[in-house]
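# Examining the three-dimensional arrangement
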Amino acid sequence: MQVNTVEEDLHDEAVRTSSNLSASTVGDESRSNNWRRIFAFIIFALTTAGLMLFEFGGALRSYFTSDDLIHVTYASKMFADKADLFFRTFATVWMQDNSTEIFYRPLIEVSFALDQLMSGANPLGYHISNLLYSFAGALALFFITRSLARRFEVARGELIAYCAALLFAVNPLHTEVVSWLIGRVDGLSTMFYLLALALFLQIPVGKNATNSFSGWLSLGSFALALLSKEMSASLPLVVFACSAFLSKAEKPTGRFRQSLVNAAPYFALLSVYFVIRYMATGQLLGGYVGAVGEANVFSISSLIDRFAHFWKVAYPFNEELIERNGDFENAFRAFYIFFGVYLLARLRSGGFSGGRLKLVGFLVTWLVLQFLPLYQVFMIHNTLAGSRLFYMSTAVLSVIAAVLIVPDFKNVSNNARRMATAAAAILFMATIGLSVFVGKQNNQCWIEAARHVEDMQIELNNAVAVLPPEKKLLLAYSPIQVLGAHMFNRYYLIQSLLSPPLLRPDISNRIAVLEPRFYTYDHLIPGGALRRKLADTDRFATVYWNVDRRKLIAVRSGKQFAFPSGNTVLPALKIRPGDYGMTEIIAEKPFDPSAVRFIDVDIANSQPAVAAKDDVMVLSFDRERVPPKGLDNWVQASYDLSKKRQTVRFAVDQKFVWFLHNNMSKFGIFLRDKPNLSVVSARLNDGKALIPTLAASGQTIKEFNDGAYRPLEFPLKFDFDVSKIPGAVSCYCELSRPRAMFQLEHFTYRDVSPSRKPLKKMDSQWYCRQYQLGAVFVWGRRLLSIENLCSKR
């Protein structure tokens with residue numbers, strides 16, 4: 001038996017005491033580090049919230065606009081007399097409307113319903129929700145980045161995570177998602193998507209989502225993301241790619257097997273989602289359908305065109321608010337130059353660690369996988385309209401930027417370390433500062449659009465209040481956008497604006513428009529429909545929205561707009577050269593625009609092309625008077641480059657500005673860049689010998705407030721007259737597809753040529769029987785386009 005001496009016992013006791021003290025010290029330091037991290041995270045969260053409020057907070061009290069209106073009305077019905085609507089939201093296509101889009105997004109309507117419950121018709125609560133979704137998404141991105149840095153063994157992962165989350169939170173592309181309430185489709189789905197990925201990265205190595213609490217929470221978040229937007233379906237592929245990049249297996253088969261095991265629960269959940277989606281919508285994929293879907297058909301050329309929109313990702317400012325080639329664009333340009341020099345210096349001084357390069361490889365893969373489902377619809381306009389489609393992608397780009405900016409210090413001298421730190425700090429602070437101030441400017445368009453919508457609601461309500469009960473107010477023109485932010489593009493949005501819960505009593509039945517869907521980027525209108533209503537002063541008082549004055553302005557009306565009009569003698573037109581390459585067309589005396597529908601211009605071409613090819617010519621009118629903002633006083637028409645002489649016909653009364661003046665006398669065609677062309681002569685044309693008349697029977701076909709004609713009973717009856725058109729023997733007309741309005745999405749709606757895919761074509765004395773179309777037409781579908789006619793000779 002061994003016996004310890006006294007000295008040995010004292011030594012052992014000292015060792016034990018020292019060990020305990022060391023362990024205690026390490027524990028204290030660990031707890032201290034944890035508290036420092038918690039405190040740092042709280043400071044980061046408060047800073048992020050403050051910057052987001054500064055950038056986006058101006059829109060918190062803004063009114064509803066565009067699609068917000070119909071969703072608020074829909075949500076109110078869930079708590080009114082249509083409580084079953086809440087459950088039907090999960091069992092049917094989105095908004096119960098599959099005419100132009102087939103989506104399954106029930107959680108979006110649930111979010112609006114919750115806001116309705118808390119905030120009613122006050123937009124503040126809805127805006128706070130949108131802001132919180134983006135804020136929560138930024139916090140989720142912090143945890144994703146930190147976990148990725150640890151898994152890929154990247155130094156300074158905590159700092160990279162802070163940088164990535166802050167870059168994402170203040171990205172100036174986000175104004176459409178944060179300040180437009182329906183932009184929550186992307187805000188909410190991205191929040192749950194990022195949360196699902198963050199929880200996946202918390203699953204212990206060697207386990208998958210089904211045998212981990214974090215995994216089950218991740219699957220739940222993924223399910224909520226899918227119920228918010230279909231684009232979340234890319235997550236299983238991202239999980240698979242992440243597992244493949246992180247796998248320690250030596251053989252590709254082992255790496256594939258391990259990645260598949262990790263991603264299998266997500267693929268299984270996605271399969272269940274597709275089954276539910278098919279049961280609810282009748283389609284696995286869906287998306288945009290009808291004319292809208294056809295306008296987004298995939299092609300190599302369209303894909304190349306969409307890549308051009310990445311320019312706005314690099315220069316994310318609204319060009320209606322921030323001018324091109326101005327200070328902000330120069331600031332972005334200087335930043336990219338500095339960033340490029342910084343990366344080159346990093347490469348020369350040691351480059352990037354293997355883990356960092358591997359992480360960038362995964363992030364690029366994630367970006368591609370996330371972007372692929374968007375190829376059909378992705379585009380960012382100069383006003384940043386459509387930027388919401390790139391919202392989730394900005395999260396990935398933020399992580400890539402943070403990984404590249406934050407330096408690592410392997411085998412680097414102290415001077416190089418200090419210089420790299422300073423350069424990285426300058427880059428990061430410049431990016432944050434530029435993003436916040438540009439984003440604040442971008443946000444102004446949504447504030448302004450909301451003001452217009454709210455003021456229009458007041459103006460329409462006041463106008464209807466003094467209107468005789470037998471008359472309706474015709475809103476002949478309303479901008480679909482203000483500074484790039486959406487206002488109205490469909491009649492039923494105006495219906496929602498003028499009905500409960502947004503306005504009481506309901507006055508929506510007193511407002512009429514010219515067509516169900518407004519596409520007035522080029523300010524074209526159905527001139528014939530407007531003429532009929534301007535002539536019918538007993539039933540309609542006609543107004544338009546003046547953006548400059550932010551008021552409803554009355555439009556001149558009277559019997560002179562009736563078609564065919566009287567025997568008005570139109571003055572002759574003279575041709576003379578103008579300044580700066582302009583050819584002027586002058587009337588011998590001023591004339592009333594109500595008597596003219598076309599301007600016919602004869603042109604000569606001294607160098608005709610060998611093969612037939614169309615080009616566009618522009619005719620301006622009344623250039624001395626500046627139209628209200630958002631409108632223009634020019635019209636375009638196509639001509640054939642291969643013809644020596646031809647007549648170009650400009651349909652001037654399809655431009656709304658044409659109806660705003662009492663007299664007209666001067667026109668112009670700019671030909672400085674087309675020296676081979678010359679104007680020979682020009683004429684005013686009243687259209688009597690060009691346009692057949694088509695009248696719907698009030699007994700079987702009725703015109704509704706949205707400008708559409710719909711059946712009341714079958715067979716359908718209508719009258720046409722081509723007797724005034726020389727040589728015409730029959731009339732050709734078309735029935736549109738549901739809400740497609742012929743080829744509106746192809747921008748050929750005003751074209752005189754037949755539509756590509758009408759629902760029904762009719763020649764001469766066409767007679768519709770009930771068995772032919774009785775099951776096709778339902779409420780909400782346009783029946784006749786009085787304007788889209790051409791005579792057969």
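In the block above lies the structure referred to throughout.
An account of the accompanying structure is given in this report. (Residues numbered from 1 in each chain as written. Predicted model: local features only at pLDDT ≥ 70, side-chain atom pairs only at ≥ 80, totals over all residues. Heavy atoms only, no water.)

### With respect to the overall build of the chain
Test applied: Strands are runs of DSSP state E lasting at least two residues, helices are runs of H or I lasting at least four, and both sets are numbered from the N terminus onward. Each residue is placed in one exposure class: buried if its accessible area under a 1.4 Å probe, protein chains only, is under 20% of its type's maximum, exposed if it is over 50%, and partly exposed if it falls in between. What makes two residues a contact is simply this: any of their non-hydrogen atoms within 4.5 Å. Surface accessibility in these figures is a Shrake-Rupley result with a 1.4 Å probe; residues are shielded only by whichever protein chains are displayed.
When helices and strands are tallied, the chain shows 21 helices and 23 strands. Looking at the 793 residues of the chain, the share that counts as buried comes to 54%. The contacts in the chain between residues at least 6 apart in sequence include a share of 75% that link residues at least 24 apart. Put simply, the chain shows about 36,400 Å² of open surface, and 59% of that area lies on carbon and sulfur atoms.

### Some details on the nonpolar core
Inclusion rule: Residues grouped as a nonpolar core are buried Ala, Val, Leu, Ile, Met, Phe, Trp, Tyr and Cys residues, joined through side-chain atoms within 4.5 Å.
Core analysis: the biggest nonpolar cluster contains 145 residues, and Phe362, Leu363, Leu473 and Phe488 have the highest contact counts within it. When residues in this core are grouped by element, the largest group, 15 residues, is from helix α18 (residues 414-465). For Leu473, the residues in contact, after removing those within four places along its chain, are Leu460, Ala463, Val464, Leu467, Arg510, Ile511, Ala512, Ala541, Val543 and Leu552. The next biggest cluster of nonpolar side chains, apart from the first, holds 46 residues, and it includes Tyr477, Val555, Phe561 and Trp658.

### Focus on unusual backbone geometry
A negative phi holds for most residues other than glycine; trans holds for most peptide bonds. For the bond running from Pro500 to Pro501, omega is 5 degrees, close enough to zero to count as cis. With respect to the element layout, Pro501 can be found in the loop between α19 (491-497) and β6 (511-512). Cis rather than trans, the peptide bond between Arg504 and Pro505 has omega equal to -5 degrees. The topology assignment puts Pro505 in the loop between α19 and β6. In this model, Leu384 sits at a positive phi of 75 degrees, which is unusual for a non-glycine residue. Checked against the element boundaries, Leu384 lands in the loop between α16 (354-371) and α17 (391-405). Its relative accessible area of 4% is what places Leu384 among the buried residues. One non-glycine residue, Leu483, adopts positive backbone phi at about 60 degrees. Along the chain, the position of Leu483 falls in the loop between β4 (481-482) and β5 (485-486). For Leu483, a relative accessible area of 17% gives the class buried.

### Side note on the packing of helix α2 (residues 68-78) against helix α4 (residues 106-119)
This is how it is decided: Think of each axis as a best-fit line through the C-alpha atoms, taken over the contacting stretch in the case of a helix, with angles from 0 to 180 degrees between the N-to-C directions. To sort the angles, those under 35 degrees are grouped as roughly parallel, those over 145 as roughly antiparallel, those from 65 to 115 as roughly perpendicular, and the leftovers as oblique. Note that Gly is not counted as nonpolar here; it falls among the polar residues with everything else outside the nonpolar set of Ala, Val, Leu, Ile, Met, Phe, Trp, Tyr, Cys and Pro and the charged set of Asp, Glu, Lys and Arg.
Across the interface, α2 lies against α4 with an axial gap of 8 Å and an inter-helix angle of 75 degrees. Judged on the interaxial angle alone, α4 and α2 are roughly perpendicular. In this structure, α2 contributes His71, Val72, Tyr74, Ala75, Ser76 and Met78 to the contact, and α4 contributes Glu109, Phe112, Ala113 and Gln116. Taken together, the residues of the contact of α2 with α4 break down into six nonpolar, three polar and one charged.

### Remarks on the sheet that holds strand β3 (residues 472-477)
Here is the rule: By the convention used here, strands pair only if DSSP detects at least 2 bridges between them.
The four strands are arranged β6-β3-β7-β8 in an open sheet whose pairing can be described as mixed. Each end of this open sheet is capped by a strand with a single partner; those strands are β6 and β8 (551-554). Those strands touched by helix α20 (residues 527-535) are β3 and β7 (540-546), and its axis lies near 125 degrees from that of β7.

### A few points about the packing of aromatic side chains
Geometry of an aromatic ring pair is reported as the spacing of the ring centres plus the angle between the planes. To keep things clear, this is the line we draw: Planes of paired rings set the category: under 30 degrees apart is stacked, over 60 is edge-to-face and the rest tilted, where pairs are Phe, Tyr or Trp rings (Trp by its six-membered ring) whose centres lie within 6.5 Å.
Under the defined criterion, the tally for this structure stands at 37 aromatic pairs. The interplanar angle of 80 degrees and the centroid separation of 5.8 Å between the aromatic rings of Tyr315 and Tyr336 together place this pair among those described as edge-to-face. Here the residue Tyr315 occupies a position in the loop between α14 (310-314) and α15 (327-348), and Tyr336 occupies one in helix α15, the gap between them amounting to 21 residues. The class of Tyr315 is buried, set by a relative accessible area of 13%. Every member of this aromatic cluster is reached through a ring pair, and the members are Trp311, Tyr315, Phe317, Phe332, Phe335, Tyr336 and Phe339.

Treat this as a map of the structure, not an account of what it does.
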